[in-house]
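Residue-level listing of the chains:
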Amino acid sequence: MDSKQIFDRAERVRIEKGLSVYAMSEIAGISHNTYGLWKTRGTLPTVDTLEAICDALEIPLVYLFTEVDRDELDAEQLELLRLWKNLKPERKKTIFQLLKDMQE
């Protein structure tokens with residue numbers, strides 16, 4: 001998935017939510033130019049900026065990078081993604097390993 005595809009996914013959600021670029025940028029705490037440059041330059045923003053955009057759009061970051069449609073996720077899966085996002089890296093590593101171990 002390239003930068004344009006990721007931008008297009010964010011744009012689709014922004015438009016569905018009826019947010020202008022300016023309004024979404026204000027909620028995300030970024031300049032509207034930052035969002036616009038993503039499209040024109042074709043480079044991804046920093047992870048922090050992407051997370052801020054996703055928070056403003058009320059979607060998990062993973063939605064931008066996967067082919068999973070957010071409408072396919074149930075409430076429990078979305079809650080797991082929200083909780084995962086707030087974990088510290090060392091806890092993510094522990095939980096990820098636990099999940100892998102449970103699959104064996």
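Above this text is the structure in question.
This section reports on the structure supplied with the text. (Residues numbered from 1 in each chain as written. Predicted model: local features only at pLDDT ≥ 70, side-chain atom pairs only at ≥ 80, totals over all residues. Heavy atoms only, no water.)

**Considering the layout of surface pockets**
- Roughly 260 Å³ of volume is contained in the largest pocket.
- Contributing to the lining of the largest pocket are Leu73, Gln77, Leu80, Leu81, Leu83, Trp84, Leu87 and Ile95.
- In terms of residues, the lining of the largest pocket owes the most to one element, helix H6 (residues 75–85), which gives five residues.
- Considering only residue class, the lining of the largest pocket consists of seven nonpolar, one polar and no charged.
- Of the voids in this model, the second largest pocket is the one considered here, and its volume is about 160 Å³.
- For the lining of the second largest pocket, the element with the most residues is H6, which contributes three residues.
- Looking at the lining of the second largest pocket residue by residue, the classes come out as five nonpolar, no polar and three charged. (1 Å grid on protein atoms, 1.4 Å probe; cavity = no way out; pocket = protein on both sides within 12 Å on 5 of 7 lines; lining within 4 Å. Points joined across faces, edges and corners; volume = space filled by probe spheres on them. Helix = DSSP H or I, 4+ residues; strand = E, 2+ residues; numbered from the N terminus. Nonpolar A, V, L, I, M, F, W, Y, C, P; charged D, E, K, R; others polar.)

**Observations concerning the pattern of salt bridges**
- Following the criterion strictly, the structure yields three salt bridges and no others.
- For Asp8, the salt bridge is made with Lys4, and the minimal N-O distance between the two is 2.8 Å. Taken as a pair, Asp8 and Lys4 lie in helix H1 (residues 3–16) at a separation of four residues, close to a single helical turn.
- Among the residues examined, Asp8 registers a relative accessible area of 29% and is labelled partly exposed.
- Residue Lys4 is classed as exposed on the basis of its relative accessible area, which comes to 55%.
- Salt-bridge contacts for Arg14 lead to Glu11; the nearest nitrogen and oxygen are separated by 2.6 Å. You can see Arg14 and its partner Glu11 sitting in helix H1, three residues apart, about one turn around the helix. Here Arg14 matches Glu11 in class, with each residue buried. (Salt bridge = Lys/Arg side-chain N within 4 Å of Asp/Glu carboxyl O. Buried < 20%, exposed > 50% of the residue type's maximum accessible area, 1.4 Å probe, protein only.)

**Some details on the packing of H1 against helix H3 (residues 32–41)**
- It is at 9 Å that the axes of H1 and H3 come closest, and there the two elements cross at 135°. Taken together, the axis directions place H1 and H3 in an arrangement best described as oblique. Where H1 crosses over H3, the handedness of that crossing is left-handed. In this structure, H1 contributes Ser3, Ile6, Phe7, Ala10, Glu11 and Arg14 to the contact, and H3 contributes Tyr35, Trp38 and Lys39.
- Broken down by class, the residue content of the contact of H1 with H3 amounts to five nonpolar, one polar and three charged. (Axes fitted to C-alpha atoms, helices over the stretch in contact; angles between N-to-C directions. Parallel < 35°, antiparallel > 145°, perpendicular 65-115°, else oblique. Left-handed = near helix turned anticlockwise from the far one by under 90°. Contact = heavy atoms within 4.5 Å.)

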